[in-house]
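# A look at the structure
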Amino acid sequence: MSPGHSLRSSLLRLTGAQVPEGAYDPARNERVLSLAGDHTNEAAALVGLHEAYHATLNASTSYGSAMIACGLLAHAQVPGYASAVDRMIARAVTAHETYATISSLASVSSGV
């Protein structure tokens, strides 16, 4: 059985409380993971890597660094920066989700 087939099978069997979830907050540059039951399964690895790739993308690009800086200013309640972060996220969400999803799927299916 190929690693990709094993990953698909694992993901398709998960339901409800078994489904791991994650979130990345660029305004605070932090990740939050809820890995549900088995923290060693492919779905947990996929979610963890997906959120890590968001942080990596922000830390490795000038746009991401600007978003982190604006996020720090928004967190410090400097006027105007919360809306700036919202606009930056809206402009970057498709690229971010595409990068994080493809990268995490490739990593998990290759056994990384």
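Residues numbered from 1 in each chain as written. Predicted model: local features only at pLDDT ≥ 70, side-chain atom pairs only at ≥ 80, totals over all residues. Heavy atoms only, no water.

## Thoughts on the packing of aromatic side chains
Aromatic ring pairs are defined here through the distance separating the ring centres and the angle between the ring planes. Note the threshold: Here is the rule: rings of Phe, Tyr and Trp (six-membered ring for Trp) pair when centre to centre is within 6.5 Å. Planes less than 30 degrees apart are stacked, more than 60 are edge-to-face, and the remainder are tilted. Elements are defined by DSSP. Helices are runs of H or I of four residues or more, strands are runs of E of two residues or more, and each kind is numbered from the N terminus.
If you walk through the whole model with that rule in mind, you get one aromatic pair. Seen from their ring centres, Tyr-53 and Tyr-99 are 5.8 Å apart, and the 90° between their planes marks the pair as edge-to-face. With a gap of 46 residues between them, Tyr-53 in helix α2 (residues 42-59) and Tyr-99 in helix α4 (residues 81-109) connect regions that are remote in the sequence.

## What about the nonpolar core?
Test applied: Take the buried residues of types Ala, Val, Leu, Ile, Met, Phe, Trp, Tyr and Cys, join any two whose side-chain atoms come within 4.5 Å, and each joined set is a nonpolar core. Only protein chains enter the accessibility calculation, which uses a 1.4 Å probe. A residue is then buried if its area is under 20% of the maximum for its type, exposed if over 50%, and partly exposed in between. Two residues form a contact once any of their heavy atoms are found within 4.5 Å.
In terms of nonpolar packing, the biggest core is built from seven residues, these being Ala-27, Met-67, Cys-70, Ala-74, Val-85, Met-88 and Ala-92. Setting aside chain neighbours within four positions, we find Ala-27 in contact with Gly-71, Leu-72 and Val-85.

## Some details on helix α3 (residues 62-75)
Our working definition: To estimate the expected span of a helix, subtract one from its residue number and multiply by 1.5 Å. What the arc describes is the spread of directions from the helix axis to the C-beta atoms.
Between its first and last C-alpha atoms α3 spans 20 Å; for 14 residues at 1.5 Å apiece the expected length is 20 Å, and the two agree. Buried within α3 we find Gly-64, Met-67, Ile-68, Cys-70, Gly-71 and Ala-74. Taken around the axis of α3, the buried residues stretch over an arc of 165°, which confines them to a single face. Residues of α3 that are exposed and point more than 90 degrees away from the buried face comprise Ser-62 and Leu-72. Buried residues along α3 sit in contact with α2 and α4. Positive phi shows up at Gln-77, right after α3, with a value of about 65°.

## What to know about unusual backbone geometry
Of note, Gln-77 is a non-glycine position whose phi angle comes to about 65°, a positive value. Structurally, Gln-77 is set in the loop between α3 and α4.

## Digging into α4
Rule in force here: The angle between axes fitted to the seven residues ending at a residue and the seven residues starting there is what we call the bend at that residue.
Of all the bends found along α4, the most pronounced is centred on Ala-92 and spans about 55°. Inspection of α4 places Ala-84, Val-85, Met-88, Ala-92, His-96, Ala-100, Ser-103, Ser-104, Ser-107 and Val-108 among the buried residues, and these make up the whole buried set.

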